[in-house]
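# Understanding the architecture of this molecule
The primary structure of each chain is shown beneath.
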Amino acid sequence: MVKNMCEYCSDIKKTEYFSSPKLYEETIEYIKELVENKGFIVIEGNCKLGEHIKDGHWIDDIIYHVIECPKCGKKFTCTVNTYRGGGSFK
């Protein structure tokens, strides 16, 4: 069952496609802001938020995080393919 967004999370800025590493970096900063300032919960991910680069290299070919709205439980997924490019936050 797909959860609808509540009033609290309905204005989340989603990204349909990461056209550049810079856009992904900006999105990760935005997600960190949601977690730190709006109470969103990181429920899954293959690294800590903001720790996707180590020693100047991506930590994996696929990097992902799932956050959850603290009010309604709606989940948002951020995935990037660092090998081929692309990904999204929705």
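As shown above, the structure is provided for reference.
## Some words on the overall build of the protein
Looking only at helices and strands, one finds 1 helix and 6 strands in the protein. The order of α-helices and β-strands along the protein, N terminus first, is α-β-β-β-β-β-β. Along the three orthogonal principal directions, the C-alpha set of the protein runs to about 40 × 20 × 20 Å. For the protein, the proportion of contacts with a sequence separation of at least 24, taken over those separated by at least 6, is 50%. As displayed, the protein offers around 5,800 Å² of accessible surface, 48% of which is attributable to carbon and sulfur atoms. The averaged location of the 14 negative side-chain charges in the protein is 5 Å from the averaged location of its 13 positive side-chain charges.

## A look at the nonpolar core
Generally speaking, soluble globular proteins have nonpolar side chains that are buried together. Membership of the largest hydrophobic core comes to 19 residues, with the highest contact counts inside it found for Ile12, Phe40 and Phe89. Taken together, the elements giving at least two residues each to this core come down to α1 (21-38), β4 (62-68) and β5 (75-81). Per element, the largest residue contribution to this core is 5 residues, and it comes from α1. Residues contacting Phe40, with those up to four places away along its chain left out, are Tyr8, Cys9, Ile12, Leu34, Val35, Ile67, Glu68, Cys69, Pro70 and Phe76.

## So, the environment of Lys13
When you line up the elements, Lys13 lands in the segment before α1. Residues Lys13 and Ile31, spaced 18 residues apart in sequence, show a C-alpha to C-alpha distance of 9.6 Å. Contact partners of Lys13, with chain neighbours within four places excluded, come to Tyr30 and Phe89.

How each quantity is defined
- Residues numbered from 1 in each chain as written.
- Predicted model: local features only at pLDDT ≥ 70, side-chain atom pairs only at ≥ 80, totals over all residues.
- Heavy atoms only, no water.
- Helix = DSSP H or I, 4+ residues; strand = E, 2+ residues; numbered from the N terminus.
- Contact = heavy atoms within 4.5 Å.
- Areas by Shrake-Rupley, 256 points an atom, 1.4 Å probe, with all protein chains shown as cover.
- Lys, Arg positive; Asp, Glu negative; His and termini not counted.
- Charge placed at Lys NZ, Arg CZ, Asp CG, Glu CD.
- Core = buried A, V, L, I, M, F, W, Y, C linked by side-chain atoms within 4.5 Å.
- Buried < 20%, exposed > 50% of the residue type's maximum accessible area, 1.4 Å probe, protein only.

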